[in-house]
Amino acid sequence: METTLDAVALRSRLEALAKRQGIHQWDLGAACSTDTSVQVDRGEAKQLKGAQRRSITLRVWNEAGLVGITSTSDLSDDGLAKALVGAHEASAFGNQAETAAFSPLATAPLAVLDQPLHEQRSILELLDTLKEAERDLIGRHHAIATVPYNGLAQRSSERIYLNSEGACRQQQLTTASLYLYARAEEAGRKPRSSGAVRVAYGAGDLDIAGCIQEAAQRTVAHLNYAPISTGHYTCVFSPEAFLDLIGAFSSLFNARAILDGISLSHKDSIGEQLAVPFLSIHDNGLNPGNIGASAFDGEGTPTARLTLVEGGVLRNFLHSEATARAFGVAPTGHAGLGAKVSVGPDWFEIGPSAGVSGGQQGLNRFAGSGHSAVGERGLVVIDSLSALHAGVKASQGSFSLPFDGWLLRHGEQQSIESATVAGDIRTVLQGIIGFEGQAKITPDGLCPWVWVDNLSITGEA
Amino acid sequence: MPAVSELHEASWQGRLESLLGQGQAAGADLVELFIERTDHLGVLAEQDTITNVSPSFGRGAGIRVFLGHRDGFVSTNDLSDAGLLAALDQALAMLGLQRSAQSLSHFDGLPALRDFATQKRDWLAQIPSLAETTEALLRGTDQLNRHGQHLQSRRGSYGRDWQEVLVAASDGTYAHDIRLHQTLGLNVLAADGEHRASVGRRYGTTDSPDDLRQWDAEAAALDLCQSAGRMLHADYIEAGQFPVVLANRFGGVIFHEACGHLLETTQVERGTTPFADQVEKPIAHAAVTAIDEGLTGGAFGSIAMDDEGMAAQRTVLIENGVLKRFLSDRAGELRTGHARTGSGRRQGHSFAAASRMRNTFIAAGPHSPEELIASIDHGLYCKAMGGGSVGPTGQFNFAVEEGYRIENGQLASPVKGATLIGEAKEVMPRISMCANDLELAAGFCGSVSGSIFVTVGQPHIKVDSITVGGR
């Protein structure tokens, strides 16, 4: 099986098939990838996996200008012909009220990304590396007996966007990832677990030592646990947790969701004070910290940095071609590919607004109860949120989410046994007290620790 | 241009036997081949317009090789002889094995095909046309408009998944099946000033080509609109620990998340279930009997055979509070000793099968639902559940989509924003009453072998105390 896509040959095949079927306007997104991954269990290989994938999504416009779509993993001539027929049949049910078009930026210059391509390592090399990492992590603390969730994976991939007006986008990429999720248990106590993740352009570039160190620290830090009393607390979100929360409510910035009536924002919300005046949120898939960044979106529009919130004020929305046309702006490079095109964020940059004063300075969660917002109850540190798919009602603005974290009180840190944090995203954005530390690069974005006032915590004490 | 069944054709047998023989000759203990063809249709109606029609089709193979307790798994979209052989070579190499011209195969060939699909070959011709499907969805959103108030968004979605699979293994497994899953979803967002409520329902069946034609759009819309109307101005619930009554149907997600996942041998392998050494020991209240099966006609999690070619079974997991069995697949049996239960399932060819649930439910008890409510002075009634999940140490959580306070043994005001959290080991003994109104509900379950079709279910049950996250 070929492991790359030949854009020229694909265009030639599509043009011939489309001509035969009387289709004059079409575009496509194609992708192929080769993956290898390993998992281990107490020094033994648990599962070794490999995958070769190819897929294509075809859009066609019929005589009435309506759009139909079909996706397939069958890239044979028969498969492509069948996909064209399927897309043409689907176009009879195209939405007359909102017809997609080619992005006006589908041939605009792309940013040059520094994405070195790495040779894929043998799966047995990956296995040895992961076994060693597991052994190292288990050896970090007597209570860590297993690393039940672990994996070392590498991918070589390629994606293409073509359209019948000559647009041709192509991008090759290699990536690797490591996750280590350890389980620790002490006699007579409940098991505790935590972990860490690293991504890089190749397996040789992964920060394995850092991943082990972080996984061990996080896991061990949860061994001394106790229930927390239900009540309202000042909370400090880790960069990962705050990015997860913002990501779960990204429909606030999503023009597609606004047009569909399922966003808290409205078409005329631009200019509204959404958050405290010292908060900025950008979407920037081009940030060098975004491993595996795409140079273009599903419609071929170049990826670009976009200001979403500056000075706490909503500045822009994420757009596809169709939503941009409806709003009278340019596409922003956040589209998928479909009859109804989805819109989504790439990679958030969250932090203080440049040149804007406000927000409390010098915040340090380890400085005990020295901060006026903390009070006698102590400070809740939210290390990671879970079950976002179940506990977030994005169209209502509400959330109620389990979390792993600690209570910092009187200079002591104690892991919280089992608890949820609940609130409303608009209240959170207006309740930010300030930021702590330098922004941290994570797989989902860039963010410092974020202090938020008066959130509801449910515990079992 | 819908797909037609073709994996049952005799030409496949020789190709598969060649691969299995070569794999075994290379030194593998067992080689398993999973060949798949799929045909999917997704349709979305919003307000009174069809806004998305998304057909897709595909094919692929998953090749799994076992050596001792280890296995290597490779998936590919390339079903040519060369493509399959390359995938086999890669899987063998993962275990340090290599094909050799000198090696002799001891593989005796495949037996006669166990064909579970003989009555299913023309299903795609029987299902509703695209035009019928769009009409049904628009009927649904129209009914929402007729029965709902303050509706800012009305959505109807339809998904149809046709899958043809062929499973062959060097232990003589050779089986063929066709599956058909159809699902309908209705969702509304009601808004009135600052008050908002988003509510949804999903309906799903398996192996019922005519199902969409039987759908009662008005009844579905009415049910949903009543929920949205009640929840729109509901208060957020206060946090705390309460006795809780969970309604039947999708209330069964609590058992699925809190306990069902911990009874899969994948969890035994990882050492992440607290029940690993508890077979024949009490792990739940004596009121609880729980079953997982793949046999109920039309249920979303029913299967004629699992994805390892084994016929479906009925597995009693817990009987009167005592743990009886784990759900096991081929690898689970190999690594944990728990016998296979026909529970080896996967989303598709790119996932290795794992022990997974099918139709999982708590059996009916002796009480009426009203008796459960009446037994509580101050608590929470969870009429409709959202999704949930279970963590690596058995902590579970799930969202309550439609809830009501219970005051003095009677239902009181509606509440929203509740999340139930806890640990399976602690909650199972607290399920003290089961009602007599068992019903099932369709859902999707995501786990190690991808997203699969499942059914959850239960009668109304009472949990004596559970932590409720709120504001």
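Small disclaimer: the values here were computed from a predicted structure and weren't measured. Along each chain, numbering runs from 1 in the same order as the chain's sequence is written. The lettering of chains begins at A and the numbering of ligands begins at 1, in the order of writing. Side-chain atom pairs in this predicted model are given and counted only at pLDDT of 80 or more, local residue features only at pLDDT of at least 70, and totals for whole chains, interfaces and linings cover all residues.

> I'm lost on the overall build of chain A in this one. Help?
Scanning chain A from terminus to terminus reveals 9 helices and 19 strands. Computation of the radius of gyration draws on C-alpha atoms alone. For the globule rule, the value is 2.2 Å times the number of residues to the power 0.38. For chain A, the C-alpha radius of gyration of 24 Å lies close to 23 Å, the compact-globule estimate for 461 residues. Seen along its three principal axes, the alpha-carbon backbone of chain A occupies a region of about 75 × 55 × 35 Å. Exposed residues have 12 or fewer other C-beta atoms within 10 Å of their own C-beta, buried residues have 20 or more, and residues in between are partly exposed; the C-beta atoms are placed from the backbone. When each of the 461 residues of chain A is scored for burial, the buried share is 53%. Contact criterion: two residues are in contact if their C-beta atoms, reconstructed from the backbone, are within 7 Å. Nonlocal contacts in chain A, meaning residues at least 24 apart in sequence, comprise 71% of its contacts between residues at least 6 apart. For the purposes of this entry, the term helix denotes a DSSP run of H or I that reaches at least four residues, the term strand denotes a run of E that reaches at least two, and both are numbered from the N terminus.

> Please clarify how the overall build of chain B should be interpreted in this entry.
Secondary structure summary: chain B contains 11 helices and 23 strands in total. Taking the principal axes of the C-alpha coordinates as reference, chain B spans close to 80 × 55 × 35 Å. Out of the 471 residues in chain B, the part that is buried amounts to 60%.

> Explanation requested: the sheet that holds strand β12 (residues 322-323) of chain B in the structure shown.
Hydrogen bonds along the backbone pair up the strands of a sheet, which may run parallel or antiparallel. Residue and element names in this part refer to chain B. Spatially, the 6 strands line up as an open sheet ordered β12-β11-β10-β15-β22-β21, and their pairing is mixed. With partners counted over all chains shown, the strands left at the sheet margins are β12 and β21 (439-447), one partner each. One bridge is not enough; two strands pair if DSSP finds at least two bridges between them. Alignment of strand β10 (residues 290-293) against strand β11 (residues 314-319), held across 4 bridges, turns out to be antiparallel. Across the sheet, Asp-292 pairs through a bridge with Thr-315, a residue of β11.

> How do you make sense of helix α5 (residues 239-248) of chain A when you look at a structure like this?
Of all 10 residues that make up α5(A), 8 are buried, and the element is covered over most of its length. Those residues of α5(A) that sit buried are Pro239(A), Glu240(A), Ala241(A), Phe242(A), Leu243(A), Asp244(A), Leu245(A) and Ile246(A).

> What is the right way to look at the interface of chain B and chain A in this model?
Residue-level contacts link 62 residues of chain B with 60 residues of chain A. Among the elements that line the side of chain B that touches chain A, the one with the most residues is strand β2 (residues 49-67) of chain B, at 12 residues. Classifying every residue of the side of chain B that touches chain A by side-chain character gives 19 nonpolar, 34 polar and 9 charged. Pairing analysis gives 2 bridges linking strand β3 (residues 67-72) of chain A to β2(B), with the strands arranged parallel. Lys, Arg, Asp and Glu make up the charged group, whereas Ala, Val, Leu, Ile, Met, Phe, Trp, Tyr, Cys and Pro make up the nonpolar group; the residues left over, Gly among them, are polar.

> Can you help me understand helix α3 (residues 123-138) of chain A in this one?
Because each turn of an α-helix spans 3.6 residues, side chains separated by three or four positions in sequence point in the same direction. Given the number of residues in a helix, its expected span is that number minus one, multiplied by 1.5 Å. Over its 16 residues, α3(A) runs 22 Å from end to end, which matches the ideal 22 Å to within 8%, given 1.5 Å per residue. Those residues of α3(A) that sit buried are Ile123(A), Leu126(A), Leu127(A), Leu130(A), Ala133(A), Glu134(A) and Leu137(A). For α3(A), the arc enclosing every buried residue in end-on projection is 130°, short of the 170-degree limit, so these residues lie on one face. Looking at the packing, one finds that the buried side of α3(A) touches β1 (25-41), β2 (44-61), β4 (144-163), β5 (168-184) and α4 (208-220) of chain A together with α2 (81-94) of chain B. The directions from the helix axis to the C-beta atoms form the arc being described.

> Help me understand the packing of helix α1 (residues 11-25) of chain B against α2(B) in this model?
Packed helices, taken two at a time, are described by the angle between their axes plus the distance between the axes. Residues and elements named next belong to chain B. Between α1 and α2, the shortest axis-to-axis distance is 11 Å and the interhelical angle comes to 25°. Judged on the interaxial angle alone, α2 and α1 are roughly parallel. Crossing angle aside, the handedness with which α1 passes α2 is right-handed. Residues Arg-15, Leu-19, Gln-22 and Gly-23 of α1 form the contact with α2, whose participating residues are Asp-81, Leu-84, Leu-85, Leu-88 and Leu-92. Tallied by class, residues from the contact of α1 with α2 come to 5 nonpolar, 2 polar and 2 charged. Think of each axis as a best-fit line through the C-alpha atoms, taken over the contacting stretch in the case of a helix, with angles from 0 to 180 degrees between the N-to-C directions. Angles below 35 degrees are treated as roughly parallel, those above 145 as roughly antiparallel, those between 65 and 115 as roughly perpendicular, and all remaining angles as oblique. Each crossing gets its hand from how the near helix is turned against the far one by less than a right angle, where anticlockwise is left-handed and clockwise is right-handed.

> What am I meant to see in the environment of Ala299(B) here?
Residue and element names in this part refer to chain B. Turning to its location among the elements, Ala-299 is positioned in the loop between β10 and β11. In the structure, Ala-299 is positioned 92 residues away from Asp-207 in sequence and 8.6 Å away in space, judged by C-alpha atoms. Every residue in contact with Ala-299, bar those within four places of it in the chain, is listed here: Thr-206, Asn-359, Leu-440 and Thr-455.

> Whenever I open this one, the packing of α3(A) against α4(A) confuses me. Can you help?
Residues and elements named next belong to chain A. For the pair α3 and α4, interaxial distance at closest approach is 10 Å and the crossing angle is 35°. The interaxial crossing formed by α3 with α4 has right-handed handedness. Counting all contacts with α3, which are made through Thr-129, Ala-133, Asp-136 and Leu-137, the residues of α4 involved are Ile-208, Ile-212, Ala-215 and Ala-216. Looking at the contact of α3 with α4, its residues break down into 6 nonpolar, 1 polar and 1 charged.

> Hey, could you run me through unusual backbone geometry in this one?
The phi angle of most residues is negative, glycine excepted, and most peptide bonds adopt the trans form. Residues and elements named next belong to chain B. A positive phi angle, close to 70°, is found at Glu-280, a residue other than glycine. Residue placement: Glu-280 occurs in the loop between α8 (265-270) and β10. Classification of Glu-280 by C-beta neighbours within 10 Å gives exposed; the count is 8. Of note, Asn-408 is a non-glycine position whose phi angle comes to about 50°, a positive value.

> Is there a simple way to think about the pairing of strand β10 (residues 306-310) of chain A in this case?
All names here are of chain A. Pairing of strand β9 (residues 279-283) with β10 involves 3 bridges; the strand directions are antiparallel. Paired with His-282 across the two strands is Thr-307, which belongs to β10. Here β10 runs beside strand β11 (residues 313-314); their pairing, made up of 2 bridges, is antiparallel. Along β11, the bridge assignment pairs Val-309 with Leu-314.

> For this particular structure, what's the right way to read the confidence of the model for chain B?
It should be kept in mind that the predicted coordinates are not to be read in detail where pLDDT is low. Per-residue confidence for chain B gives a mean pLDDT of 94; residues scoring 70 or more make up 98%. Quick note on the complex model: pTM equals 0.92, ipTM equals 0.89. For every residue, the pLDDT score states the predictor's confidence, bounded by 0 at the bottom and 100 at the top.

> I would appreciate a short explanation of the nonpolar core in the present structure.
Taken as a class, soluble globular proteins show a tendency for nonpolar side chains to be buried jointly. Residues and elements named next belong to chain A. Counting residues in each nonpolar core, the largest one holds 190 residues, and the members touching the most others are Phe-237 and Ile-382. Of the residues forming this core, the biggest block, 8 residues, is contributed by strand β19 (residues 445-458). Contacts of Ile-382, omitting those with residues within four sequence positions, involve Cys-235, Val-236, Phe-237, Ser-238, Ala-241, Phe-403, Gly-405 and Val-421. As used throughout, a nonpolar core is a set of buried Ala, Val, Leu, Ile, Met, Phe, Trp, Tyr and Cys residues joined through C-beta atoms within 7 Å of each other.

> What is the right way to look at the environment of Ala284(B) in this model?
Inspection of the secondary structure puts Ala284(B) in the loop between α8 and β10. The contacts of Ala284(B), once residues within four sequence positions are left out, are Ile318(B), Gly321(B), Met428(B), Pro429(B) and Ile431(B).

> I tried to follow the environment of Ala353(B) on my own but got confused; where do I start?
Residue and element names in this part refer to chain B. With respect to the helices and strands, Ala-353 occurs in the loop between β13 (344-345) and β14 (354-355). Expressed as a C-alpha distance, the spacing of Ala-353 and Ala-312, which sit 41 residues apart in the sequence, is 15 Å. The residues contacting Ala-353, other than those within four sequence positions of it, are Asp-307, Glu-308, Asp-329, Arg-330, Gly-344, Arg-345, Arg-346 and Ser-449.

> What is the right way to look at the pairing of β1(A) in this model?
Looking down a regular strand, the side chains alternate between one sheet face and the other. All names here are of chain A. With 12 of 17 residues buried, β1 is to be regarded as a mostly interior element. Where β1 and β2 come together, 17 bridges link them in antiparallel fashion. Paired with Val-40 across the two strands is Ala-45, which belongs to β2. Counting the residues that bridge the hairpin from β1 to β2 gives 2 residues, and of these Arg-42 lies at a positive phi of roughly 50°. As paired strands, β1 and β4 are joined by 12 bridges and run antiparallel to one another. Note that in β4 the partner of Thr-36 across the bridge is Gln-154.

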